[in-house]
Amino acid sequence: MANWRRSVGDVFWALDRALGGQRRPNRIQKWVARHPIGTGLCAAVPFTLFLLLVSPGEEPDDPLFAVFFGLVTGLVLGLTAASERLRQRRLKRLGMWDGS
């Protein structure tokens, strides 16, 4: 079982390298990694307001639908920002980036 888990990890890191995961982060990536909750909120609030604006409002659960999908959007982008933080921490640990 340990070899299977290790091979999955090796495939993940090979894919990460192929997609450019070992490049230095730019300014936006640094900000996103420092503020994962703010990133999620900056995406969730406008998305929720947009869904509330375009919903016909005829059904009583339309606002719940908009809020739910806004929260899901914020959660996904917040978790993506947290993974960017982990990527940057790994780059520092490997000595590929000095953290500046």
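It should be noted that the structure appears before, not after, this text.
Presented here is a report on the structure given in the accompanying data block. Please read all numbers here as calculations on a predicted model, not as lab measurements. (Residues numbered from 1 in each chain as written. Predicted model: local features only at pLDDT ≥ 70, side-chain atom pairs only at ≥ 80, totals over all residues. Heavy atoms only, no water.)

Quick notes on a positive patch on the surface
Link 1 in the chain: On the surface, Arg-34, Arg-85, Arg-89 and Lys-92 cluster together into a positively charged patch.
Link 2 in the chain: Considering every element that reaches the positive patch, the biggest residue donor is helix α4 (residues 62-94), with three residues.
Link 3 in the chain: The topology assignment puts Arg-89 in helix α4. (Patch = residues over 30% accessible without salt bridge, like charges linked within 9 Å, V, L, I, M, F, W, Y side chains within 5 Å. Areas by Shrake-Rupley, 256 points an atom, 1.4 Å probe, with all protein chains shown as cover. Salt bridge = Lys/Arg side-chain N within 4 Å of Asp/Glu carboxyl O. Lys, Arg positive; Asp, Glu negative; His and termini not counted. Charge placed at Lys NZ, Arg CZ, Asp CG, Glu CD. Helix = DSSP H or I, 4+ residues; strand = E, 2+ residues; numbered from the N terminus.)

Description of α4
Link 1 in the chain: Between the first and last C-alpha of α4 there are 48 Å, a value that for 33 residues agrees with the 48 Å anticipated at 1.5 Å per step.
Link 2 in the chain: Regarding α4, the residues found buried are Asp-62, Ala-66, Gly-70, Gly-74, Gly-78, Ala-81, Glu-84, Arg-87, Gln-88, Arg-90 and Leu-91.
Link 3 in the chain: Looking one or two residues beyond α4, the residue adopting positive phi is Gly-95, at roughly 80 degrees. (Expected span 1.5 Å × (residues − 1). Buried < 20%, exposed > 50% of the residue type's maximum accessible area, 1.4 Å probe, protein only.)

Some remarks on the side chain of Thr-39
Link 1 in the chain: With respect to the helices, strands and loops of the structure, Thr-39 is situated in helix α3 (residues 36-54).
Link 2 in the chain: If we ignore the near neighbours within four places in the chain, the residues touching Thr-39 are Trp-31, Val-32, Leu-77 and Ala-81. (Contact = heavy atoms within 4.5 Å.)

Some words on helix α2 (residues 27-34)
Link 1 in the chain: All of the buried residues in α2 are Lys-30, Val-32 and Ala-33. An end-on view of α2 places all buried positions within 165 degrees of arc, on one side of the element. Across α2 from its buried face, at more than 90 degrees, point the exposed residues Arg-27, Ile-28 and Arg-34.
Link 2 in the chain: On its buried side, α2 packs onto α3 and α4.
Link 3 in the chain: N-capping of α2 is provided by Asn-26, with a side-chain oxygen placed 3.3 Å from the backbone N of Ile-28. (Arc of directions from axis to C-beta. Polar contact = N/O pair within 3.5 Å; in protein donor to acceptor, adjacent residues only side chain to side chain.)

Any functional reading would require information beyond the geometric quantities listed.
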